[in-house]
Amino acid sequence: LSPGSTAIDPSTHEAIGNDPSEPVDIYAENLDILRFPPDRFQRIFREYLTEKYAQQPPDLIVLVFVGNLAIAGNLLNELFPRTPVIVAGATEEEVRADQFRGPVGGLAFRVNPHETLQLIFRLQPETRRVVVIGGAADVDRQVLDRVKQAARSFAGQAEFEFWNNRSMADLRQAVSALPPQTANLFSRMFRDGAGQAVISTQVGQSIAQWANVPVYVMTDTALGTGAVGGSVASVEVIGKRAGELARLVLSGTALASLPMVSDTGSVPMFDWRALKRWGISESRLPPNSIVRFRPQSLWEEYRWYFIGAFILVMADMPLHPVP
């Protein structure tokens, strides 16, 4: 029930079911690699899946990926060695065909920290310190490494600090007492410095609420939680594309002709409310920016009432012949 899952699942299912003439039965399973010890849990889960799908194995697997791809790949290789797999998700890990026995394709989105850092200095040119917050899980460190690499291009503009070993309690105190001319970039966190499993988007929301400086993000699921925004990857787009690929394969297209694609495409997207909270002018935004959560004007909210009332008034007006 993480925000990422609730965003990606409906768009995937909708795209798969776009052709009503060919109904598709969809089954959902959660590997939960990040929250449970892999050895014992994966053994139990393997037995469960083996029994459940013994009589009716799947024709296609869509692996919405977060976590250790090697674990997921090994599990699927054992259970369904010849079933084609579509991998879809936001991951810094390389997705290789040799990680799966059967055909594999799909779409891997990677965050774009360089563009988000550019936005921070564009929106807050006075910034002299950037605090980047990440987690202790392998997938957290992969994203944090990408941010560290991107930060080298801005070494002369600001001092960078990377926090990935702090508990949630420590973070609450630290981000609420940051000095002026500081910006906060939330990277990704599925496990905090104390070893506690967490949901990344919920952590981002907490940090945005606790922080006394603007917080920036790199995925659209974190928008609406108090963060200013950033150059974000769209989880919904990932789900839609995965569903489209699934529909093609189920309709007879060879997965070999749909190779794995890695994409760092992102869109500058911002929360209007956070811009106002921190006094950031919209004139500083790039021309192609998307601003969400802007309140509607009186005309936008009630225009159909106005139009309806106008039509009724016109209908009641008597017609006078022209002499």
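Residues numbered from 1 in each chain as written. Predicted model: local features only at pLDDT ≥ 70, side-chain atom pairs only at ≥ 80, totals over all residues. Heavy atoms only, no water.

Enquirer: Looking at this model, I keep getting lost on the overall build of the chain. Mind explaining?
Expert: Per the secondary structure count, the chain includes 10 helices and 11 strands. Expressed as a percentage of the 323 residues in the chain, the buried residues total 46%. Expressed as a percentage of contacts within the chain between residues at least 6 apart in sequence, the contacts between residues at least 24 apart total 67%. Only carbon and sulfur atoms are counted for the fraction: they give 53% of the accessible area of the chain, which is about 17300 Å². (Helix = DSSP H or I, 4+ residues; strand = E, 2+ residues; numbered from the N terminus. Buried < 20%, exposed > 50% of the residue type's maximum accessible area, 1.4 Å probe, protein only. Contact = heavy atoms within 4.5 Å. Areas by Shrake-Rupley, 256 points an atom, 1.4 Å probe, with all protein chains shown as cover.)

Enquirer: Teacher, can you tell me more about the nonpolar core here?
Expert: Generally speaking, soluble globular proteins have nonpolar side chains that are buried together. Formed by 26 residues in total, the largest nonpolar core has its most connected members in Leu 117, Leu 123, Phe 160, Leu 185, Tyr 216 and Val 228. Going through the elements one at a time, helix 4 (113-123), strand 4 (129-133), helix 5 (138-151), strand 6 (182-186) and helix 9 (272-277) are the ones with two or more residues in this core. Setting aside chain neighbours within four positions, we find Leu 117 in contact with Val 130, Ala 150, Ala 151, Phe 154, Phe 160 and Leu 185. If you look at the next biggest cluster of nonpolar residues, it comprises 24 residues, including Val 131, Ile 207, Ala 222 and Val 232. (Core = buried A, V, L, I, M, F, W, Y, C linked by side-chain atoms within 4.5 Å.)

Enquirer: Help me understand the side chain of Asp 192 in this model?
Expert: Mapping Asp 192 onto the fold places it in the loop between strand 6 and helix 7 (200-210). Notably, Asp 192 is buried but unbridged: the nearest opposite-charge side chain belongs to Arg 191, and the N-O separation is 7.0 Å. In this structure, Asp 192 is in contact with Ala 136, Arg 166, Ser 167, Met 168 and Val 198, ignoring residues within four places of it in sequence. (Lys, Arg positive; Asp, Glu negative; His and termini not counted. Salt bridge = Lys/Arg side-chain N within 4 Å of Asp/Glu carboxyl O.)

Enquirer: Is there a simple way to explain unusual backbone geometry in this structure?
Expert: For residues that are not glycine, phi is negative in most cases, and the peptide bond is trans in most cases. Despite not being glycine, Gln 181 shows a phi value in the positive range, around 60°. Here Gln 181 shows up in the loop between helix 6 (168-175) and strand 6. Residue Gln 181 is classed as partly exposed on the basis of its relative accessible area of 44%. One non-glycine residue, Phe 293, lies in the positive phi region at around 65°. By the secondary structure assignment, Phe 293 is in the loop between strand 11 (290-292) and helix 10 (298-316).

Enquirer: Just checking my understanding: could you explain the pairing of strand 10 (residues 267-271) for this structure?
Expert: Consecutive residues of a regular strand have side chains that alternate between opposite faces of the sheet. A large share of strand 10 lies buried, amounting to 4 of its 5 residues. Two strands pair when backbone bridges link them, and strand 10 and strand 11 are joined in this way by 3 bridges, in the parallel orientation. Note on strand 11: the bridge partner recorded for Phe 270 is Val 291. Once the chain exits strand 10 it traverses helix 9 before rejoining the sheet at strand 11, and the crossover so formed is right-handed. (Pairing = 2+ DSSP bridges. Right-handed = clockwise from strand over helix to strand, strands pointing away.)

Enquirer: Can you walk me through the packing of helix 6 against helix 7 in this structure?
Expert: Working note: a packed helix pair is described by the angle between its axes plus the distance between those axes. Contact geometry of helix 6 with helix 7 gives a least axis separation of 8 Å together with a crossing angle of 30°. One element, helix 6, and the other, helix 7, form an angle in the roughly parallel class. For the crossing formed where helix 6 meets helix 7, the hand is right-handed. Of the residues in helix 7, those in contact with Met 168, Leu 171, Arg 172 and Val 175 of helix 6 are Val 203, Ser 206, Ile 207 and Trp 210. Considered class by class, the residues forming the contact of helix 6 with helix 7 number 6 nonpolar, 1 polar and 1 charged. (Axes fitted to C-alpha atoms, helices over the stretch in contact; angles between N-to-C directions. Parallel < 35°, antiparallel > 145°, perpendicular 65-115°, else oblique. Left-handed = near helix turned anticlockwise from the far one by under 90°. Nonpolar A, V, L, I, M, F, W, Y, C, P; charged D, E, K, R; others polar.)

Enquirer: Is there a simple way to explain the packing of helix 4 against helix 5 in this structure?
Expert: Relative orientation of the contacting elements helix 4 and helix 5 amounts to 55°, with a least axis distance of 8 Å. By the angle class used here, helix 4 and helix 5 are oblique. Seen along the crossing, helix 4 lies across helix 5 with a hand that is right-handed. Touching Pro 113, His 114 and Leu 117 of helix 4 are Arg 146, Val 147, Ala 150 and Ala 151, all from helix 5.

Enquirer: For this particular structure, what's the right way to read helix 5?
Expert: Because the α-helix completes a turn every 3.6 residues, residues three or four places apart line up on one side. The terminal C-alpha atoms of helix 5, which comprises 14 residues, lie 20 Å apart, in line with the 20 Å expected from a rise of 1.5 Å per residue. Along helix 5, the residues classified as buried are Val 139, Asp 140, Val 143, Leu 144, Val 147, Ala 150 and Ala 151. Along the axis of helix 5, the buried residues cluster in a sector spanning 135°; they form a single face. Taken together, the buried residues of helix 5 touch helix 4, strand 4, strand 5 (159-163) and strand 6. (Expected span 1.5 Å × (residues − 1). Arc of directions from axis to C-beta.)

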